[in-house]
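A closer look at the structure
Listed here are the chains, written in short residue letters.
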Amino acid sequence: TKCESGCVCADGLYENLDGRCVPAEECPCEYGGLAYGKGEQIQTECEICTCTKGKWKCLQKSKCSSTCNLYGEGHITTFDGQRFVFDGNCEYILAMDGCSVNRPVSSFKIVTENVICGKSGVTCSRSISIYLGNLTFILRDETFTISGKNPGVRYNVKKNALHLMFDIIIPRKYNMTLIWNKHMNFFIKISRETQETICGLCGNYNGNMKDDFETRSKYVASNELEFVNSWKENPLCGDVYFVVDPCSKNPYRKAWAEKTCSIINSQVFSACHNKVNRMPYYEACVRDSCGCDIGGDCECMCDAIAVYAMACLDKGICIDWRTPEFCPVYCEYYN
């Protein structure tokens, strides 16, 4: 409506992030604060998105998977992305199927046994049991045992210096990859070929974060502790009534925890900051580092940082953050 001084692009051209005028075909796309050029792709567990004329065009993958994380001292991220923390000295059902009233038969059940690992009462996931009909995997003390048989299940076990990985296939139902770091971190990645309902502390895997606190009695709990208590494997265990704040109980450890965990906020992880929100991982690291006060201090801290590194890797960002002085990985014997 009126003349203003300044520079504009000619008709049919658009300013890109470098300040140059380009045709629409060459317009970049933005995601998480980063620019992507024409034809570049980003991937999530369910979609592949391609940059076209400055906009993302996304294709749904034929098979969509989702991951539930249990790490550190009771931190859980459900299949649908809900986060919560709990401290309970008991066995809890992480995930199982056969939850609907109409089909109560379960083809798998994954249980975590928590053990107290700090004077303040915080717990660590130390033992995982995987039940597949008559086939059972027990993960404990940095190793695993397998007992029983189930001809309807195919599995493969892979090992490296950091992890034990279990690929499990239940034909026409689930493809599962279970990753355990032999300490406190456990990841359940499920791709399903059925609309079978899943339940447990990992949520109901229906794409809706808001109803993830569904109890064993099929109602949505008002808070996470009510939800957690409903998924006890042994009803004789005591209920959890509050979540411990280890840094308040161990204030002398707080400064050390914040200093060591600050690597998550540092330049070391800068390439990932726009891809994965770092604050929940930093706060979890500080909490765990304050809580591990009867041994394993550095192990708790390193495990918490490793979870953020793994989330970055899922977004295609590989961070080389370990050093010989900071959370080293020792080579296998004579290797």
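Above this text is the structure in question.
To start, this report covers the structure provided alongside it. (Residues numbered from 1 in each chain as written. Predicted model: local features only at pLDDT ≥ 70, side-chain atom pairs only at ≥ 80, totals over all residues. Heavy atoms only, no water.)

**Some words on the pairing of strand β18 (residues 174-180)**
Judged by how many residues are buried, β18 sits mostly within the fold: 5 of 7 residues are covered. With 7 bridges connecting them, strand β17 (residues 164-170) and β18 associate as antiparallel partners. Its bridge partner lying in β18, I170 is registered against Y174. Alignment of β18 against strand β19 (residues 186-192), held across 7 bridges, turns out to be antiparallel. Its bridge partner lying in β19, W180 is registered against F186. (Buried < 20%, exposed > 50% of the residue type's maximum accessible area, 1.4 Å probe, protein only. Helix = DSSP H or I, 4+ residues; strand = E, 2+ residues; numbered from the N terminus. Pairing = 2+ DSSP bridges.)

**Topic: the pattern of salt bridges**
Applying the stated criterion to the full structure yields 5 salt bridges. Between K158 and D167 there is a salt bridge, with the nearest N and O atoms lying 2.9 Å from each other. For K158, a relative accessible area of 37% translates into the label partly exposed. A salt bridge links D239 to K232; the nearest nitrogen and oxygen atoms lie 2.6 Å apart. Exposure remark for D239: the relative accessible area of 36% places this residue in the partly exposed category. K232 sits in the buried class, given a relative accessible area of 10%. (Salt bridge = Lys/Arg side-chain N within 4 Å of Asp/Glu carboxyl O.)

**Things to note about the packing of aromatic side chains**
Within the structure shown, the criterion is met by 16 aromatic pairs. Note on F84 and F227: the rings are 5.7 Å apart at their centroids and 80° apart in plane angle, and the pair reads as edge-to-face. Taken together, the positions of F84 in strand β10 (residues 83-85) and F227 in helix α1 (residues 224-230) put the pair 143 residues apart, joining distant regions of the chain. With respect to class, F84 is no different from F227; both count as buried. Their ring planes at 80° and their centres at 5.6 Å tell us that F137 and F166 sit as a pair that is edge-to-face. Note that F137 is positioned in strand β14 (residues 135-140) and F166 in strand β17, a separation of 29 residues in sequence. Comparing F137 with F166 shows no difference in burial state: the two are buried. An aromatic cluster of three or more residues is present, and its members are Y71, F269, Y281, Y308, W321 and F326. Across from the ring centre of Y281, 4.8 Å away, lies the NZ or CZ of R83, which sits over that ring. The residue whose ring lies beneath R192 is Y205, and the NZ or CZ to ring-centre distance is 3.8 Å. (Phe/Tyr/Trp six-rings, centres within 6.5 Å; stacked < 30°, edge-to-face > 60°. Lys NZ or Arg CZ within 6 Å of the ring centre and 35° of its normal.)

**Let's talk about the packing of helix α3 (residues 251-261) against helix α5 (residues 279-291)**
Contact geometry of α3 with α5 gives a least axis separation of 8 Å together with a crossing angle of 140°. Judged by the angle between their axes, α3 and α5 are oblique. Remark: the crossing between α3 and α5 carries right-handed chirality. Residues R253, K254, W256, A257, E258 and C261 of α3 pack against Y282, C285, V286, S289 and C290 of α5. Its residues placed into classes, the contact of α3 with α5 shows 7 nonpolar, 1 polar and 3 charged. (Axes fitted to C-alpha atoms, helices over the stretch in contact; angles between N-to-C directions. Parallel < 35°, antiparallel > 145°, perpendicular 65-115°, else oblique. Left-handed = near helix turned anticlockwise from the far one by under 90°. Contact = heavy atoms within 4.5 Å. Nonpolar A, V, L, I, M, F, W, Y, C, P; charged D, E, K, R; others polar.)

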